[in-house]
Amino acid sequence: MPTPEIQKLNEQHTDEAIAARIAATTQHGFVGDFVLGGVDGAITTFAIVAGVAGANYPVGVALVLGVANVLADGFSMAVSNYLKVRADKQVLEQYRRMEEFHITHLPDREREEIRQIFAAKGFSGELLEQVVETICDDQQRWVDTMLVEEWGLQIAPPSPWKAGLVTFCGFLLAGAVPLLPLPLMYWGVDRDEVFALCAIVTMVAFALIGVFRGKVVGHSTLVSVVETVATGGLAAAIAYGAGVLLERLVGGSG
C-alpha cells in the first residue's frame, strides 16, 4: 500500500492535474509582487518608526511620517513595478517583430536555428525533422519557440497594472502594521511601550510574510521567516541608530 506521500504525489500527477499545471506555467503569478511590496512596506515604515524612537521625537511624528510613507512610497513602488513590467512587455514585442521579420525574409535560416536548438536537446534523424516541421508549420508557434529557446523570454508576461496594484496592496497592508499601535498614545499608553508594541507587531508581520513566502516558493518556512525577520530587524536597527545619532547631533548643536 502506498504511503500518504506517494498517494499525494499520484494525485498531483493525474492527467487533469498535469494539464492544469502545464497551463499554469504560462501564466504569471503575482505572489512575488505582493511579497516585494509587503516586505518593503513593513521595512520602510518600521524604519521610520524606529528612527523617530531613536531620535526621541514625539509618537505623533512617527504616525504622520508613517502614513505619508505608506501612501507616497507605496504608490512610487507600484509605479516602478508597473513601468518595469510594461518595459518587459515592450521588449517582448520588439523581439517578436524581429523574429517575424526574420522568418519572413530568411525562413531557411530560421528553420536551421530551430533544428540546431532541438538537436542540442538530443533529437536527431527523422524525429528531429518531424519536430522542426511541426514547429515551423505554424508561424505563431515558430515565433514563440524562438522567443523562449533563443532569447529566454516569457511569452505570457503579466499585466503591468495588475502587477503594480498587487505591489501597492502588499505595501499598504504590511506598511500599515507598524503604525497600528501608535494611536494608543492618545489613550495614555507610555511612549516607550507604544514603540515596543510597534516592534512586536512588525516582527509578527515579517514572520507572517516569511511563512507565506516559504509556502509559496517551497522553501523551508523557518529559513524564510528568519531571513525576512533578520532583514527587517537590520533595517530597523540601522534606522534606530541613525535616529539616536541625529538626536545627539541636534541636541549637541543646540
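For the structure itself, consult the block above.
As the structure is a computational prediction, the values presented were derived from the model and not from experiment.

Caption draft 1: Local environment of the environment of E150. Relative to the helices and strands, E150 is located in the loop between α7 (139-149) and α8 (160-176). In this structure, the C-alpha to C-alpha distance between E150 and I114, residues 36 residues apart in sequence, is 9.0 Å. Here E150 is in contact with E99, E113, I117 and T145, once residues within four sequence places are set aside.

Caption draft 2: Expanded view of the layout of surface pockets. The calculated volume of the largest pocket comes to roughly 240 Å³. Surrounding the largest pocket, 14 residues form its lining, K84, D88, Q154, P157 and P158 being those nearest its centre. Looking at which element gives the most residues to the lining of the largest pocket, the answer is helix α4 (residues 59-105), with seven residues. Class assignment for the residues of the lining of the largest pocket results in six nonpolar, four polar and four charged. Along its surface, the second largest pocket is lined by 13 residues, and F34, A174, A205, L208 and I209 are the ones closest to its centre. Mapped onto the lining of the second largest pocket, the elements with two or more residues apiece are α3 (31-54), α8 and α9 (191-217). The dominant element in the lining of the second largest pocket, judged by the number of residues it contributes, is α9, at six residues. Split by residue class, the lining of the second largest pocket holds 11 nonpolar, two polar and no charged.

Caption draft 3: Geometry of the environment of T167. Examined against the element boundaries, T167 turns out to sit in helix α8. Exposure remark for T167: the relative accessible area of 0% places this residue in the buried category. At a separation of 2.9 Å, a polar atom in the side chain of T167 contacts the main-chain carbonyl oxygen of A163.

Caption draft 4: Molecular detail of α3. Its 24 residues give α3 an end-to-end C-alpha distance of 34 Å, which sits within 8% of 34 Å, the value for a rise of 1.5 Å per residue. Most of α3 sits inside the fold, with 18 of its 24 residues counted as buried. N56 lies just past α3 and shows a positive phi near 65 degrees.

Caption draft 5: Local environment of the pattern of salt bridges. Enumeration according to the criterion identifies seven salt bridges in this entry. For D192, the salt bridge is made with R191, and the minimal N-O distance between the two is 3.4 Å. A cluster of three or more residues bridged by salt bridges with shared partners is formed by E112, R115 and E129.

Caption draft 6: View of the packing of aromatic side chains. Across all of its chains, the model carries two aromatic pairs by this definition. Between the aromatic rings of Y95 and W151, the centroid separation amounts to 4.8 Å while the plane-to-plane angle is 55 degrees, which identifies the pairing as tilted. Remark: W151 occurs in the loop between α7 and α8 and Y95 occurs in helix α4; sequence separation between them is 56 residues. On the basis of relative accessible area, Y95 is assigned to the partly exposed category, the value being 26%. Owing to a relative accessible area of 34%, W151 belongs among the partly exposed residues under this scheme. An angle of 65 degrees between the planes, with centres 6.0 Å apart, marks the rings of F118 and F123 as edge-to-face.

Caption draft 7: Seen up close, α7. The complete set of buried residues in α7 reads W142, V143, D144, T145, M146 and L147. In this structure, the buried side of α7 is in contact with α4, α5 (107-119) and α6 (125-136). Put simply, D138 is the residue that caps the front of α7, since its side-chain oxygen is 3.0 Å from the backbone nitrogen of Q140.

How each quantity is defined
- Residues numbered from 1 in each chain as written.
- Predicted model: local features only at pLDDT ≥ 70, side-chain atom pairs only at ≥ 80, totals over all residues.
- Heavy atoms only, no water.
- Helix = DSSP H or I, 4+ residues; strand = E, 2+ residues; numbered from the N terminus.
- Contact = heavy atoms within 4.5 Å.
- 1 Å grid on protein atoms, 1.4 Å probe; cavity = no way out; pocket = protein on both sides within 12 Å on 5 of 7 lines; lining within 4 Å.
- Points joined across faces, edges and corners; volume = space filled by probe spheres on them.
- Nonpolar A, V, L, I, M, F, W, Y, C, P; charged D, E, K, R; others polar.
- Buried < 20%, exposed > 50% of the residue type's maximum accessible area, 1.4 Å probe, protein only.
- Polar contact = N/O pair within 3.5 Å; in protein donor to acceptor, adjacent residues only side chain to side chain.
- Expected span 1.5 Å × (residues − 1).
- Salt bridge = Lys/Arg side-chain N within 4 Å of Asp/Glu carboxyl O.
- Phe/Tyr/Trp six-rings, centres within 6.5 Å; stacked < 30°, edge-to-face > 60°.

By themselves, these figures tell us nothing about what the structure is for.
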